[in-house]
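Per-entry structural report
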Amino acid sequence: IGAGLLLNGELYRGNGAAGEFGHVFVEDNKLHCASCGKQGCLEATAGLQAIVKDARNPSDRTYIQDSKEAPITPEMMADVIIAARDKSDTRSRDALERAGKHIGKAIGNCLINIYNPSMILLDGGSVRPSKGDAVYRNDFLLKSLRQSAQDSSMAVNWAGTQILDGTLGDDAVALGAVATVIDNDPELNMPKGDAQNSIRAIGAI
C-alpha cells in the first residue's frame with residue numbers, strides 16, 4: 001500500500017521517501033510488517049498479504065506478513081474476490097470489508113482531513129487484480145473503504161473529495177516505477193513532472 005501525492009500538479013517527493021501511506025499506524029495489534037519492522041501499520045493490517053491470509057484463516061493473524069513465506073500474488077486476491085462474489089464465502093467477504101474499513105479510516109484521517117484533495121484514485125493489485133485475461137474489481141473492499149473514509153473525515157473535507165477507481169490494475173506499480181526513472185534521468189532531459197506524458201506517448205496508459 002503506497003501513495004503518490006500530486007500537489008499543485010507535481011509529484012511530491014519529500015526528502016525522497018514521501019507517500020509511505022502503507023506504514024501509518026492504524027491498529028494496536030500484533031500484526032507484524034516485514035517491510036518496516038513495526039506492528040499495526042496499514043500494510044500489515046490491510047495489505048494484499050493480510051487480506052488473502054485473513055480470508056484463508058481469520059483466527060491466525062498474529063504475523064500476517066512474513067518475508068520467508070512464498071509471495072502472495074494479485075491472482076490470489078482475485079480468488080478471494082471470486083469466492084466472496086460468486087461463492088458467497090463469508091470469510092472472504094469479511095476479510096475484504098475489514099481491509100476496506102482500515103484503509104478507508106487511514107484515508108479519511110491522514111489524507112482527506114489533512115490534504116483535502118479534490119480526488120483520490122485507487123488502483124493496484126488489491127483494488128483491480130487480474131487473473132488470466134480477466135480483471136476483478138474489488139467491490140466489497142471499495143464499498144467498505146468509501147464508507148469508512150466518509151465516517152473518518154470531516155464533512156466539509158469529504159464533500160470536496162472524489163474517490164475513484166484507477167484503470168491500471170496490476171500494472172500501476174510498474175508504470176509508476178517507469179515514470180520515476182523517466183522523470184529523473186538527466187539524459188532524457190524531460191521537463192519536470194512530464195513523465196506521465198511520455199508514458200502516454202508509448203501507449204502504456
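Okay, so let's go over this structure. Predicted model, so just to flag it, every value in this text is computed and none were measured. Numbering of residues begins from 1 in every chain and follows the order in which that chain's sequence is written. Predicted model: local features are reported for residues with pLDDT of at least 70 only, side-chain atom pairs are reported and counted for 80 or more only, and whole-chain, interface and lining totals are derived from all residues. Water and hydrogen atoms were dropped before computing side-chain values, which therefore reflect all heavy atoms in the structure.

**A word on the overall build of the protein chain**
To keep things clear, this is the line we draw: Helix and strand definitions here come from DSSP, where helices need a minimum of 4 consecutive H or I residues and strands a minimum of 2 consecutive E residues; each element is numbered from the N-terminal end. Any residue under 20% of the maximum accessible area for its type is buried, any over 50% is exposed, and the rest in between are partly exposed; the area is computed with a 1.4 Å probe on protein chains only. It only takes one pair of heavy atoms within 4.5 Å for two residues to be counted as in contact. With residues, only the protein chains shown are counted as cover, and all accessible areas are computed by Shrake-Rupley using a 1.4 Å probe.
Across its full length, the protein chain carries eight helices and six strands. Across the 205 residues in the protein chain, those meeting the buried criterion constitute 39%. For the protein chain, the proportion of contacts with a sequence separation of at least 24, taken over those separated by at least 6, is 59%. On the protein chain, roughly 11700 Å² of surface is accessible, and the fraction owed to carbon and sulfur atoms is 50%.

**Comments concerning the pattern of salt bridges**
Filter applied, for reference: Definition used for salt bridges: Asp or Glu carboxyl oxygen within 4 Å of a side-chain nitrogen of Lys or Arg.
Summed over the entire model, instances satisfying the criterion amount to seven salt bridges. Of the charged contacts in the structure, one is a salt bridge between Arg146 and Asp165, with a shortest N-O distance of 3.1 Å. One end of the pair, Arg146, is in helix 5 (residues 139-152); the other, Asp165, is in strand 6 (residues 162-165), with 19 residues separating them in the sequence. The class for Asp165 is partly exposed, based on a relative accessible area of 22%.

**Let's talk about the environment of Leu7**
Here Leu7 shows up in strand 1 (residues 6-7). Residue class for Leu7 comes out partly exposed when judged on its relative accessible area of 35%. Each C-alpha atom of the pair Leu7 and Pro117 lies 8.8 Å from the other, and the pair is 110 residues apart in sequence. When near neighbours in sequence (up to four residues on either side) are disregarded, Leu7 contacts Tyr12 and Tyr115.

**Digging into the side chain of Asn138**
Here Asn138 shows up in the loop between strand 5 (134-135) and helix 5. Classification of Asn138 as buried rests on a relative accessible area of 0%. Beyond its immediate sequence surroundings of up to four residues, Asn138 is in contact with Met77, Ile81, Leu96, Ser126 and Val127.

**Considering the nonpolar core**
In plain terms, the rule: In this description, a nonpolar core means a group of buried Ala, Val, Leu, Ile, Met, Phe, Trp, Tyr and Cys residues linked to one another through side-chain atoms lying within 4.5 Å.
Membership of the largest hydrophobic core comes to 33 residues, with the highest contact counts inside it found for Leu96, Ile107, Leu122 and Leu141. Counting residues per element, the ones that place at least two in this core are helix 1 (42-46), helix 2 (48-56), helix 3 (74-86), helix 4 (90-115), strand 3 (119-122) and helix 5. Here this core takes eight residues from helix 4, the largest share from any one element.

**Examining the packing of helix 2 against helix 3**
Inclusion rule: All axes are obtained by fitting lines to C-alpha atoms, using only the stretch in contact for helices, and the reported angles, taken between N-to-C directions, cover 0 to 180 degrees. Throughout this description, any angle smaller than 35 degrees is read as roughly parallel, any larger than 145 degrees as roughly antiparallel, any in the 65 to 115 degree range as roughly perpendicular, and the remainder as oblique. The hand of a helix crossing depends on one turn: near helix anticlockwise from the far one by less than a right angle means left-handed, and clockwise means right-handed.
At a closest axis distance of 10 Å, the pairing of helix 2 and helix 3 adopts a crossing angle of 45°. Judged by the angle between their axes, helix 2 and helix 3 are oblique. Judged by the sense of rotation from one axis to the other, the crossing of helix 2 with helix 3 is left-handed. Within the contact between the two elements, helix 2 uses Leu48, Ile51, Val52, Ala55 and Arg56 and helix 3 uses Pro74, Met76, Met77 and Val80.

**Description of the side chain of Ser148**
One can find Ser148 in helix 5. When residues no more than four places from it in sequence are discounted, the contact partners of Ser148 are Gly100, Lys101, Gly104 and Lys105.

**Considering the environment of Asn109**
Examined against the element boundaries, Asn109 turns out to sit in helix 4. Assessed through its relative accessible area of 35%, Asn109 is described here as partly exposed. Spatially, the C-alpha atoms of Asn109 and Ser152 are 5.9 Å apart, while their sequence positions differ by 43 residues.

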